[in-house]
Amino acid sequence: MSKKVKFDYFDAFEKQTEVAVKEAELLIKAIEGFTTAENTLDVMRRAHALEHEGDEINHAIFKTVATDFITPIDREDIIELAQFLDNIIDYVEDVMQRFYMYDVHFMHKDAHEFALLIKKSCEALHRAMEDFRNFKKSKKFKQLIIDVNTYEEEADELFLHVIRSLHTEDCDNPMRVLVWTQIFDRMEKCCDACEHTADIMNTILLKNV
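Here the structure is a predicted model, which means the values were calculated and not measured. (Residues numbered from 1 in each chain as written. Predicted model: local features only at pLDDT ≥ 70, side-chain atom pairs only at ≥ 80, totals over all residues. Heavy atoms only, no water.)

Peer 1: How should I be thinking about the packing of aromatic side chains in this particular structure?
Peer 2: Under the criterion given, the structure shown has ten aromatic pairs. Both rings, one in Phe99 and one in Trp180, keep their centres 6.2 Å apart while their planes meet at 45°; by these two values the pair is tilted. With Phe99 in helix H3 (residues 75-101) and Trp180 in helix H6 (residues 174-208), the pair connects residues that are 81 residues apart, well separated along the chain. For Phe99, a relative accessible area of 0% translates into the label buried. Among the residues examined, Trp180 registers a relative accessible area of 2% and is labelled buried. Ring centres of Phe106 and Trp180 lie 5.8 Å apart, and the angle between their planes is 50°; this geometry places the pair in the tilted category. With Phe106 in the loop between H3 and helix H4 (111-130) and Trp180 in helix H6, this residue pair connects regions lying 74 residues apart in the sequence. Among the aromatic side chains, those forming a connected cluster through ring pairs are Phe10, Phe13, Phe132, Phe135 and Phe141. (Phe/Tyr/Trp six-rings, centres within 6.5 Å; stacked < 30°, edge-to-face > 60°. Helix = DSSP H or I, 4+ residues; strand = E, 2+ residues; numbered from the N terminus. Buried < 20%, exposed > 50% of the residue type's maximum accessible area, 1.4 Å probe, protein only.)

Listed below in structure tokens is the structure:
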């Protein structure tokens, strides 16, 4: 009888951050190739397929943590980390859905810069996650967490700029201000979610040293 293969939670977390990076890359493609809201349907389908992939990983984590006798870190931390990783993927997909739902007629000049920041945040989180299984011994893990927080701070500054710009330069078009405020708010939440996930990882480190 073959021995049961033990579920690797750290590998599952890495797969989630990989999906997040792919979702962020797709967001950039959606923005760079934007023509009309109607033409974003194909990108939305691809984004939803990635989101489903993330859900499958999440379900595997939840199913396993419920029955495992021993886990590498606290069950509550595993669940919280998995949920926040899932949030990142959901938020990035939400941005693309809003292009379609709000029937945007043009791509805002600052959307591409914001999407690049989201991708950098996801990539930084993925690098930190690759080192997460070694967090007790790693000499670079703390710096990798700081990198994620740095991109979130850049996103905060950009958000302040673009919202200010909307309300000063586009004040004669309240619907445009409303729509893009909602979209940029969701984009900023993507970077926030990356930072929150990194904070959870850092808390796990402090609890286990």
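Peer 1: Any chance you could explain the nonpolar core here in plain terms?
Peer 2: Across soluble globular proteins, nonpolar side chains have a tendency to be buried as a group. Core analysis: the largest hydrophobic core is formed by 68 residues, its most contacted members being Phe13, Leu27, Phe132, Trp180 and Met187. The dominant element in this core, judged by the number of residues it contributes, is H6, at 14 residues. Leaving out residues up to four positions away in the same chain, Met187 has contacts with Leu27, Ile31, Val95, Ala111, Phe114, Ala115 and Ile118. (Core = buried A, V, L, I, M, F, W, Y, C linked by side-chain atoms within 4.5 Å. Contact = heavy atoms within 4.5 Å.)

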